[in-house]
Each structure stands twice: as structure tokens, then as C-alpha cells.
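The primary structure of each chain is shown beneath.
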Amino acid sequence: MSKFIALTRVLLKNNVESFGKGGGKFKLKGIALIIFLILCFAPLSISLGAFVNTLYDMLSQIDQQGVILGLGFSMSCLAIFFLGIFYVIGTFYFSMDINYLLPLPLRPSEILSSKLVVVLVYEYLTQIVILAPIIIAYGIKDGAGILYYIFSILIFLTIPIIPLIISSILVMVIMRFTNLAKNKDRFNMIGGIIAIFIGIGINIFMQRTASNFTNPENMQRLFEEGNNSFIGLATKLFPSAKLAAAALAENISSRGFINLGLFIVMTVISLIVFILVGEGLYFKGVIGTSEAASKRKQLSNDELYKATKQNSILKAYTIKELKILFRTPAYFLNCVVINFFWPIIIILPLVINSDNMESLEMIKSFLNTPDYFSIILAGSSLLLGFVSSTNGVASTSISREGKSFFVNKFLPISYKNQIIAKVLSGIIISIIGMVTLIFTIIIIAKPSPLLIILITIIGMLVISFANFIGVLIDLFNPKLNWDNEQKAVKQNLNLIISWPLILILPGIITLVVYKLHLPISVTTVLLILVYMAANVILYEVLISKGANLYKNIK
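Residues numbered from 1 in each chain as written. Predicted model: local features only at pLDDT ≥ 70, side-chain atom pairs only at ≥ 80, totals over all residues. Heavy atoms only, no water.

Is there a simple way to think about a nonpolar patch on the surface in this case?
A surface patch of nonpolar side chains, about 520 Å² in accessible area, is lined by I136, I140, I146, Y149 and I150. Only α6 (132-142) and α7 (146-158) provide two or more residues apiece to the nonpolar patch. Counting residues per element, the nonpolar patch draws most heavily on α7, which supplies three residues. Under the relative-accessibility criterion, I146 is labelled exposed at 66%. (Patch = residues over 30% accessible without salt bridge, like charges linked within 9 Å, V, L, I, M, F, W, Y side chains within 5 Å. Areas by Shrake-Rupley, 256 points an atom, 1.4 Å probe, with all protein chains shown as cover. Salt bridge = Lys/Arg side-chain N within 4 Å of Asp/Glu carboxyl O. Helix = DSSP H or I, 4+ residues; strand = E, 2+ residues; numbered from the N terminus. Buried < 20%, exposed > 50% of the residue type's maximum accessible area, 1.4 Å probe, protein only.)

Teacher, can you tell me more about the nonpolar core here?
The nonpolar side chains of soluble globular proteins are, as a tendency, buried together. Residues I68, F73, F92, Y93, I155 and Y282 are the most contacted members of the largest nonpolar core, which totals 77 residues. When residues of this core are assigned to their parent elements, the largest contribution, 13 residues, is made by helix α3 (residues 67-93). Leaving out residues up to four positions away in the same chain, I155 has contacts with F73, A244, A247, L248, L260 and F263. Within the second largest apolar cluster, 51 residues are counted, among which are I452, I455, F468 and A534. (Core = buried A, V, L, I, M, F, W, Y, C linked by side-chain atoms within 4.5 Å. Contact = heavy atoms within 4.5 Å.)

What exactly am I supposed to notice about the packing of helix α21 (residues 449-476) against helix α24 (residues 520-552) here?
When two helices pack together, their arrangement is given by the angle between the helix axes and the distance between those axes. For the pair α21 and α24, interaxial distance at closest approach is 9 Å and the crossing angle is 25°. In terms of their interaxial angle, α21 and α24 are classed as roughly parallel. Taken as a pair, α21 and α24 cross one another with a handedness that is left-handed. Split by residue class, the contact of α21 with α24 holds 23 nonpolar, four polar and one charged. (Axes fitted to C-alpha atoms, helices over the stretch in contact; angles between N-to-C directions. Parallel < 35°, antiparallel > 145°, perpendicular 65-115°, else oblique. Left-handed = near helix turned anticlockwise from the far one by under 90°. Nonpolar A, V, L, I, M, F, W, Y, C, P; charged D, E, K, R; others polar.)

Any chance you could explain the packing of helix α12 (residues 239-249) against helix α13 (residues 254-286) here in plain terms?
α13 packs onto α12 with a crossing angle of 150° between their chain directions and a minimal axis gap of 8 Å. In terms of their interaxial angle, α12 and α13 are classed as roughly antiparallel. When you trace α12 past α13, the crossing you get is left-handed. Contacts between α12 and α13 pair P239, S240, L243, A244, A246 and A247 from the former with G256, N259, L260, L262, F263 and M266 from the latter. Residues that form the contact of α12 with α13 fall into these classes: nine nonpolar, three polar and no charged.

How do you make sense of the packing of aromatic side chains when you look at a structure like this?
In this description, an aromatic ring pair is defined by two values, namely the gap between the centres and the angle between the planes. Overall, the coordinates contain 11 aromatic pairs when judged by the stated rule. Measuring from centroid to centroid gives 6.1 Å for Y124 and F156, while their planes differ by 20°, and the two rings are stacked. Here Y124, found in helix α5 (residues 108-130), pairs with F156, found in helix α7; they are 32 residues apart in sequence, far enough to count as distant. Given a relative accessible area of 18%, Y124 falls into the buried group. On the numbers, 5.3 Å between centres and 90° between planes, the contact of F151 with F257 is edge-to-face. With F151 in helix α7 and F257 in helix α13, this pair connects stretches of sequence that are 106 residues apart. (Phe/Tyr/Trp six-rings, centres within 6.5 Å; stacked < 30°, edge-to-face > 60°.)

Hey, could you run me through the pattern of salt bridges in this one?
Here the idea is simple: oppositely charged side chains can pair when their charged atoms come close. Inspection of every chain in the model, using the stated rule, returns seven salt bridges. E279 is the partner of R107 in a salt bridge, and the nearest nitrogen-oxygen pair spans 3.0 Å. Of this pair, R107 sits in the loop between α4 (98-101) and α5 while E279 sits in helix α13, and the two are 172 residues apart along the sequence. The class of E279 is partly exposed, set by a relative accessible area of 25%. Its salt-bridge partner being R255, residue E250 comes within 3.7 Å of it at the nearest N-O pair.

Is there a simple way to think about empty space enclosed by the protein in this case?
One way to see where empty space is left: roll a probe the size of a water molecule over the atoms. As enumerated under the stated definition, the model contains two cavities of 30 Å³ or more in all. Its boundaries defined by the atoms lining it, the second largest cavity holds a volume of some 40 Å³. Lining of the second largest cavity is provided by S388, S389, N391, G392, V393, A394, S395, A466, N467, G470, S498 and I502. For the lining of the second largest cavity, the elements supplying multiple residues, two or more each, are α19 (373-390), α21 and α23 (493-516). Counting residues per element, the lining of the second largest cavity draws most heavily on α21, at three residues. Residue composition of the lining of the second largest cavity, grouped by class: four nonpolar, eight polar and no charged. (1 Å grid on protein atoms, 1.4 Å probe; cavity = no way out; pocket = protein on both sides within 12 Å on 5 of 7 lines; lining within 4 Å. Points joined across faces, edges and corners; volume = space filled by probe spheres on them.)

Mind showing me how you'd approach unusual backbone geometry here?
A negative phi holds for most residues other than glycine; trans holds for most peptide bonds. Of note, the phi angle at H517 is positive, near 55°, even though the residue is not glycine. As for its position among the elements, H517 is in the loop between α23 and α24.

For this particular structure, what's the right way to read the environment of N334?
The topology assignment puts N334 in helix α16 (residues 329-336). Separated by 59 residues in sequence, N334 and V393 place their C-alpha atoms 9.0 Å apart. Beyond its immediate chain neighbours, meaning those up to four positions away, N334 contacts F86, N391, Q486, V489 and K490.

So what exactly am I meant to see when it comes to α16 here?
An α-helical turn contains 3.6 residues, so any two residues separated by three or four positions project in the same direction. Of all eight residues in α16, eight are buried, a share of seventy percent or more. For α16, the complete set of buried residues consists of P329, A330, Y331, F332, L333, N334, C335 and V336.

Just to check I follow, could you spell out the environment of S365 for this structure?
Residue placement: S365 occurs in helix α18 (residues 357-367). Along the primary structure S365 and A445 are separated by 80 residues, whereas in three dimensions their C-alpha atoms are 8.1 Å apart.

Is there a simple way to explain the confidence of the model for the protein in this structure?
A low pLDDT means the predicted coordinates there should not be read in detail. Averaged over all residues, the pLDDT of the protein is 78; the fraction at 70 or higher stands at 76%. Of all the helices and strands in the protein, helix α11 (residues 231-234) carries the lowest mean pLDDT, 46, while α21 carries the highest, 92. Here residues 212-216 is modelled with pLDDT under 50, and outside its nearest four sequence neighbours on either side it reaches six contacts, counting other chains as well. Segment residues 225-234 is flagged for pLDDT under 50; beyond a separation of four residues in sequence, or across chains, it makes 32 contacts in the model. (pLDDT = per-residue confidence, 0-100.)

Written out as C-alpha cells, the structure is:
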């Protein structure tokens, strides 16, 4: 236990310090960043609280208000499960501290438990945005007493454990077999992709199962039963969420204490299973993950000439950026793979259930109605701006250099070309996301070729705009002090900062087009002129101000 506590303290301290060194400037920047994040997420939290307030009034009339807690806990568990896959892969397997921890006299369970706490801390940030507003709004509306809030704190701290452990065991089972191959990086990436697909498969299964329970007969019976019986339906595939919701909804009765006790017992059992599985699988899966295979091949004169043929400096540096993105597992899983999953994330909920086919037909009709082309074109700029900002290629382009950034100062390439190469690598990766989305829309809806051409043209301008802003943000606040590639991309607040800044302009344009009912010709000209002007301005800023910022990075 003493080793676990000591290691946990070191890992937590290391993660806090990875955001930068102490000092007045850092504290001021940290305070400004906290205020910015609060402003970004406050609308979402306020909206959730308002939604709970309205929903409570409706459900309390039929004694089903407890379903709010059930849905809140289920939604939180689902978000933690999916985010946990990425966090676990990076923290458990791709962290640079692994090479220092493995030789120490530590058991697998001690290393795993400490790293689980680190991941858990980051998951609490997700809960603050999603779950805390629901719990607080429900308590205020219900006129709950002190016992409700005591239960709430206990459940808030423990509810992420089970979904996070499920993610961890899933990853450990997959990664256990990746060290059987010579190319560790390649198989680690394959293992991560398999884990993501399994997570998506579980989500499909959950949605299909949930749809089987939402037929009118079952709904009518559950509503007639009252006494919060609908909680069981809302938390059908998350037993821990069901117990937590029931404990909180019935906190003043003996059933509340019983459910809370069962919830704690289930959480403890899951921790024991986690430790046992970790003892058997972790070391066998993590040993060798930092190794890389190499090929020895004798080249002919022609092959040697082709391999050493000189490229332009800008092209060569851009290719270097892309190779690092594709070869580094943490960067590939977090920055590249996400671009292939947007069709699944957006379209999948519409096609997995037969009940949604009517909605799909409505979408087809909408995309093929000329009167809606203007708002579709403007809305696509908003969507593609979001897609470009979420891959994080541009907004982490400087941060990914890490402590070896000083090497860039000695390369025979100007700062301007280095910056432009980072923008180009982001544009190329973002185009992948745009092409997958457009290709999926063509298959499903078969929209007008004119609309597809216009979306592609505007999309290229929006993608350039988004990547210019992303690189500029990372130039102002690079995160170079990290010991784990995962931290450079997944725990980099520049990625979060870039989202609202990138979406402001397309959001305003979409609103203007909607309010003024602009025709497609005017909308097209407006979008092209605005984004071309914005890109020219951002380009000039990058090659002047950006080059100075790049030069002064230490």
C-alpha cells in the first residue's frame, strides 16, 4: 500500500507539472485558461441544468423523476468508457515513464492502480461537465436534504471506476497479444484500433438492446408502475449506474442505503477483478512496447537513387510530419484514426435501428431539396470546421515536438517553412475526414453533384482556416514538457481552446444565412470571400508573428 501511495503521488505530481513550470507567468496563464474553459463549458452545463428542471416537472407528475438520474449516470458511464479507451492506451502502455517503472520492485497491480488513479482524475473533469449539473439541478428541484448531497459526492467519486475498469481490461486483453509481433508500434496501433471497434460494437449492441425495451407496451407498463420504475430501463446495461441512481433517488429510505451498499460492493469487486487481470496480463503486454522493429534490405543503385532523391524542403518537412503522425501510436490513434470514424459517429445512430429509418428518409429529402442548399452549405462549413479542430493535428503540432524542439532550431529550413509544413500536414489529415464524410453522404443520400462540389470547395477553405488557427494557438502556448506522447495530444488544452475559436466564424455565417434566407449563389460567394480573406490574414500573421513566436520558444 505504501508503494501504491508513493507512486500515485509521483505520477499525479508529474502530470500536474507537465502543464508547465511554476511561477507568476504560469499561474496567470493558468488562471486565464481556467476562466476560458469555464466560459466554454458553462453554456453546456447551464443547458443541462435547465433541461433537468423542465424534465423534472414532467416526470414528477407520474412519479418517474428518478429516470433523470438514471439517464445522467448512464450517459456519464458511456462517455467515460469511450474516453477511457484512449486514456488507458496512452497512460498504461505508451507513457515514457514505463521504462523507468518496470525495473523497479513494483508489482503490476501497484503500477496499474496508480495509473488508474491518474486516468480517474482526468475522467472527473468529464463528469464535472456532464454529471455535476444533472445532480445539482435534480437536488435543487427535488428539495433534497444533506443526505442526498453526501450520497452524491460519494457516487460522483466512484461512478467512473467500473466503466473505466471495463475499458482497462478490454485494452489489457488486446494489448497482451501485441508483443508477439516484431513491429511493436504497428501492432500497438492495431490493438488500439481493435479496442475502438469493440467499443463501437458495444455501443451498437447497447442501442439495439435499448430499442427492444422501448416498445409502447413496456413503456406504458413502466409508467403505470410509478415509484421510479423507469430507472431500470434507463440503466439497463449499466447495473452500477442503476444502483447509483436508485440510491440517490431513494436516499431517505432504507432502500437507498441498500442500493448504495450494493453499488460500493460492486465497485470493490470490479477493482479486485482489475487487479487480478492486471497481475496476469499487464507485464506481458507492456514489456517491449517502446521497442521498434527495423528492416535490413540491400538497395540497388536505382533504389538508392530513388530513396535519396532530393525533394523540396517544404515537401520533405511535411512528409516528415505525416510520417511521425502515422508511425507514433498515440498520435495515430488520437489524430489520424478519428478522421475515419466520423461517418460511424454521425451516421451509425440513424441506421442501426429500424425506428430511425424514417429520420434517414427525412435527411435524404432535406439534402436533395434546392431550397435548403444555402443552409446545408453554411452548415457544412460549421461541421467541417468542427471535424478539422477535433483531430488536433494543427493545435498540437508544436507541442508534439516535446523536449526535442530545440533540434528544429538547427535544421537547415526556415521557421516559416517549418510552420507552413505543420499547417499542410494538418490540412492533409483533415481532408481525410472531409472525404470520408462526403463519400458517406453520397452513398446514403445521393445529393446533387453541384452541392457536393460546393461543399468540397468551401470545405478546403474551412479546413485551411481551422489549421491556421490551430497552429497559431499552439505557437502561443506550446506544451513541450511531457513524458508521454498521449499527453501531447490528449491532455493538451490547446485542443480544447481551438474548438470554440474555430467554430465562431462558421457559426456566425450559418446564423446569418439562416436568418436572412440567402440564396445559394449569395451564400457561396459570401463563404468564399470570407474564408479567403480570413486565410490570407492568418497566413500573414503566421509567417510574421508566428515566426517570431517559433524563434522564441525554449
